[in-house]
Amino acid sequence: MPTADLVITGASVRTLDPERPHASAVAVRDGLIAAVGEEADVRDWRGTGTEVVDLAGASLVPGLVDCHSHPVWGLEMATGLDLSSVRDLDGLRAALTTAERTDGWVVGYGLDHNAFEGRPIDRALIEDVLGDAPAFLRLYDGHSALVTGAALTAAGVTGPRTFAQRSYLATDADGRLTGHLVEHAAMDLVGAAVPRASHAERRARLVELLSAMAATGLTGAHVMDLGDLDLVDTVARETVLPLRLRFAPWCMPGADKEALDELVALQERAGRHWRVGGVKFFMDGTVEGGTAWLEQPDCHGQGTDAFWPDPAAYSEAVRHLHRAGVRTATHAIGDAAVRHVLDTVGSLGPDARLVHRVEHLESVPDDTVARFAPLGVIASMQPPHTGYTRADRSDEWSQRLGEERASRAWRLRDLRDAGAVVALGSDWPIAHFDARSVLATARAPRGAASARAGLTGLQALEGCTSHAALAAGETSAAGRIAEGFRADLTALGVDPVDAGGDEVAEAPVRLTVTGGHVVHREV
């Protein structure tokens, strides 16, 4: 008989395969699982070239997948000064006072809306500590930024603009640009002038990032943007990508038939451990930015507009892609946005079940929760985002929504109890990519969602494995440890189902295997 490339023994294997839920040994050949069982079942798979790993009782599960991440585009988003630890305006000013310059610019990311302590976001709050330096500071949500007057000048921006999508340059009562850029089109105006890393620097950072992600147990990521496929392909040809990447390029308002057909054609692009698979839409923005599409205005009187000025055009674009066999994922945070996506998918017919997904859905009412399972729409959620809110609901997210809507925060368990598929992710760099943190916070949501029941240990694990496979349409190849399935495997020092959430968050990652390649080991 043929021999295996890798044999894993001494494991407590949770296969998530109903035919054989538990095992202690696995054999891998040519990137696929060749055998699952006890040590005697894999003994004959050993040969002179077989690598044998004894896990000494560690828990082996299907490879963990981050179902919403930006590991390539995020290299640009997470550039410069990390502002994620800033809690107030004094802290922000102190951080900027000593910030390093890159070609004269101060660039930062991860800035929490709560750091402004309820003040309007305005460059006047920081310009005096920066002198004449242009600055581009991304807020944590990835949908807004604060820039200085010098940055506006460098980008040639002198006044408000009109955009095809819901996006704007904020102004004060006198019509002065405040430097608050809301949504992608506005940020891109100034972002184009920000210094960019070289190809070599970006390549090195990508390998470093993916390796760090694998060290938390991740074997794959659903990438919610197009990234830089040429960069990814170059790295994939030169070495083994530690994570399997599945890209969903954006479809923005104004896309005509030609643009949609180009997105369909992109689905053919693939390489070793990467492929294009799906299309990403935006139905709204964020609660904190006032751009989530809500049934009723937020407490600042905002949030009543969709990201697509003509929501019907979004629906037609989804129908076009569905007819072409393309899966879609739609960013929808507010209740009106989620409702419109569900209405759209519901109009596609029964063959749309378990094909299309909603990303984020941070606050939705009971009747909306109940629609996911019957329609077969996948809920893709990011439990670590709950950490940007507060249990007493004094945070910007909760204050904008008001008590009733804030009480509906991140209904992970309600969706699972209603029979929905719930896929889990981090949305890195919006939140940290650590897969163990995703599992832990899914079980014990934070902040405004902390009073709500979280997922069980098994449900959380399924969110990063079998439900991740459902979300990608890969149930015949991934999400279980079974013969013929991809050899994407994660070994943790504790059982992620039976151990407490805090233990899971700190669990040693003994082994990460992607496509049969050991990409991280600690055994």
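Residues numbered from 1 in each chain as written. Predicted model: local features only at pLDDT ≥ 70, side-chain atom pairs only at ≥ 80, totals over all residues. Heavy atoms only, no water.

In terms of helices and strands, the chain carries 20 helices and 26 strands. For 523 residues, the compact-globule estimate of 2.2 N^0.38 gives 24 Å, and the chain sits close to it at 23 Å. Overall, the chain is about 80 × 50 × 50 Å in size when its C-alpha atoms are taken along their principal axes. Here the chain holds 523 residues, and the buried ones make up 61% of them. Residue pairs in contact within the chain that sit at least 24 positions apart in sequence constitute 73% of those at least 6 positions apart. When the accessible surface of the chain is totalled, it reaches about 19500 Å², and 47% of it is carbon and sulfur. Mean positive and mean negative side-chain charge positions of the chain (49 and 73 charges, respectively) differ by 3 Å. (Helix = DSSP H or I, 4+ residues; strand = E, 2+ residues; numbered from the N terminus. Rg over C-alpha atoms; globule rule 2.2 N^0.38 Å. Buried < 20%, exposed > 50% of the residue type's maximum accessible area, 1.4 Å probe, protein only. Contact = heavy atoms within 4.5 Å. Areas by Shrake-Rupley, 256 points an atom, 1.4 Å probe, with all protein chains shown as cover. Lys, Arg positive; Asp, Glu negative; His and termini not counted. Charge placed at Lys NZ, Arg CZ, Asp CG, Glu CD.)

The next point concerns the sheet that holds strand β4 (residues 25-29). Taken in spatial order, the 4 strands make up an open sheet running β5-β4-β1-β6, and their pairing is mixed. Edge strands, defined here as strands with exactly one partner in the open sheet, are β5 (32-37) and β6 (51-54). Geometrically, the sheet is characterised by an average inter-axis angle of 15° between neighbouring strands, direction not taken into account. Across 4 bridges, the pairing between strand β1 (residues 6-9) and β6 is parallel. Following the sheet pairing, Thr9 is matched in β6 by Asp54. (Pairing = 2+ DSSP bridges. Axes fitted to C-alpha atoms, helices over the stretch in contact; angles between N-to-C directions.)

Turning our attention to the sheet that holds strand β13 (residues 168-171). With mixed pairing, the 6 strands of this open sheet are ordered in space as β9-β10-β11-β12-β14-β13. The open sheet has two edge strands, β9 (81-82) and β13, and neither has a second partner. Judged from the 4 bridges that link them, strand β10 (residues 106-111) and strand β11 (residues 135-139) form a sheet pairing that is parallel. Each residue of the ladder has a partner; that of Val107, found in β11, is Phe136. Here helix α6 (residues 184-191) sits on the sheet and contacts β11, β12 (144-147), β13 and β14 (177-182); the angle it forms with β14, its principal contact strand, is near 120°.

Moving on: the pattern of salt bridges. Following the criterion strictly, the structure yields 39 salt bridges and no others. We note a salt bridge from Arg246 to Glu474, for which the minimum N-O separation is 2.9 Å. Here Arg246 is found in strand β16 (residues 244-247), whereas its partner Glu474 is found in the loop between α19 (466-472) and β24 (489-492), with 228 residues between them in sequence. Residues Arg246 and Glu474 agree in their burial class; the two are buried. For the salt bridge of Asp343 with Arg371, the shortest nitrogen-to-oxygen distance reads 2.9 Å. (Salt bridge = Lys/Arg side-chain N within 4 Å of Asp/Glu carboxyl O.)

Glancing now at the packing of aromatic side chains. Scanning the entire structure with this criterion turns up 10 aromatic pairs. Ring geometry for Trp308 against Tyr314: centres 6.1 Å apart, planes inclined by 70°, an arrangement best described as edge-to-face. Taken as a pair, Trp308 and Tyr314 share a single burial class, namely buried. By way of ring pairs, the aromatic residues Trp73, Trp250, Phe282 and Phe307 are connected into one cluster. (Phe/Tyr/Trp six-rings, centres within 6.5 Å; stacked < 30°, edge-to-face > 60°.)

What follows covers the confidence of the model for the chain. Residues with a pLDDT of 70 or more make up 100% of the chain, whose mean pLDDT is 97. By mean pLDDT, the top-scoring element of the chain is strand β23 (residues 422-424) (99), and the lowest-scoring one is helix α2 (residues 74-77) (91). (pLDDT = per-residue confidence, 0-100.)

Moving on: the packing of helix α7 (residues 199-214) against helix α8 (residues 229-238). When two helices pack together, their arrangement is given by the angle between their axes and by how far apart the axes lie. Where α7 meets α8, the axes come as close as 10 Å, and the angle between the chain directions of the two elements is 65°. For the crossing formed where α7 meets α8, the hand is right-handed. On α8, the residues touching His199, Arg202, Arg203, Leu206 and Val207 of α7 are Leu231, Val232, Val235 and Glu238. For the contact of α7 with α8, the residue count by class is 5 nonpolar, 1 polar and 3 charged. (Left-handed = near helix turned anticlockwise from the far one by under 90°. Nonpolar A, V, L, I, M, F, W, Y, C, P; charged D, E, K, R; others polar.)

Time to look at the pairing of β11. With 5 of 5 residues buried, β11 lies mostly within the body of the structure. Pairing analysis gives 3 bridges linking β11 to β12, with the strands arranged antiparallel. Bridge pairing in β12 places Phe136 opposite Val147. Linking two consecutive strands that pair antiparallel, namely β11 and β12, is a turn of 4 residues; a positive phi of about 75° is found at Gly142 within it.

All right, on to the nonpolar core then. By size, the foremost hydrophobic cluster in this structure holds 91 residues, and its most contacted members are Leu245, Phe247, Phe281, Met283, Leu361, Phe372 and Leu415. With 6 residues, the single largest contributor to this core is helix α11 (residues 335-346). Apart from the residues lying within four places of it in its own chain, the contact partners of Phe281 are Cys251, Trp308, Tyr314, Ala317, Val318, Leu321, Thr328, Ala329, Thr330 and His331. In this structure, Leu6, Val13, Val26 and Val513 belong to the second largest nonpolar core, which totals 21 residues. (Core = buried A, V, L, I, M, F, W, Y, C linked by side-chain atoms within 4.5 Å.)

Next up on the list: the environment of Arg390. As for its placement among the helices and strands, Arg390 is situated in the loop between β22 (378-381) and α14 (396-401). Setting aside anything within four residues of it in sequence, one finds Arg390 in contact with Asn114, Asp395, Gly447 and Ala448.

For the rest of this paragraph, the subject is the side chain of Asp284. Following the sequence through the fold, Asp284 ends up in the loop between β19 (279-282) and α10 (311-323). Buried Asp284, no salt bridge; nearest opposite-charge side chain is Lys280, N-O distance 9.6 Å. Of the polar contacts made by the side chain of Asp284, one reaches the backbone nitrogen of Trp293; its length is 3.0 Å. Of note is the side chain of Asp284, whose polar atom sits 3.0 Å from the backbone nitrogen of Ile333. Apart from the residues lying within four places of it in its own chain, the contact partners of Asp284 are His143, Thr291, Ala292, Trp293, Phe307, His331, Ala332, Ile333, Gly334 and Ala337. (Polar contact = N/O pair within 3.5 Å; in protein donor to acceptor, adjacent residues only side chain to side chain.)

This paragraph deals with the pairing of strand β25 (residues 509-514). For β25, the buried fraction is high: 5 of the 6 residues fall into the buried class. Two strands pair when backbone bridges link them, and β24 and β25 are joined in this way by 4 bridges, in the antiparallel orientation. Across the sheet, the residue bridging to Leu492 is Val509, located in β25. As paired elements, β25 and strand β26 (residues 517-521) share 4 bridges and run antiparallel to each other. When the bridges of β26 are listed, Val513 appears paired with Val518. Counting the residues between successive antiparallel strands, the hairpin from β25 to β26 contains 2 residues, one of them, Gly515, with a positive phi of roughly 60°.

Glancing now at α8. Considered for burial, the residues of α8 that qualify are Leu229, Leu231, Val232, Asp233, Val235 and Ala236. Where α8 is buried, its residues meet α7, β16 and β18 (274-276).

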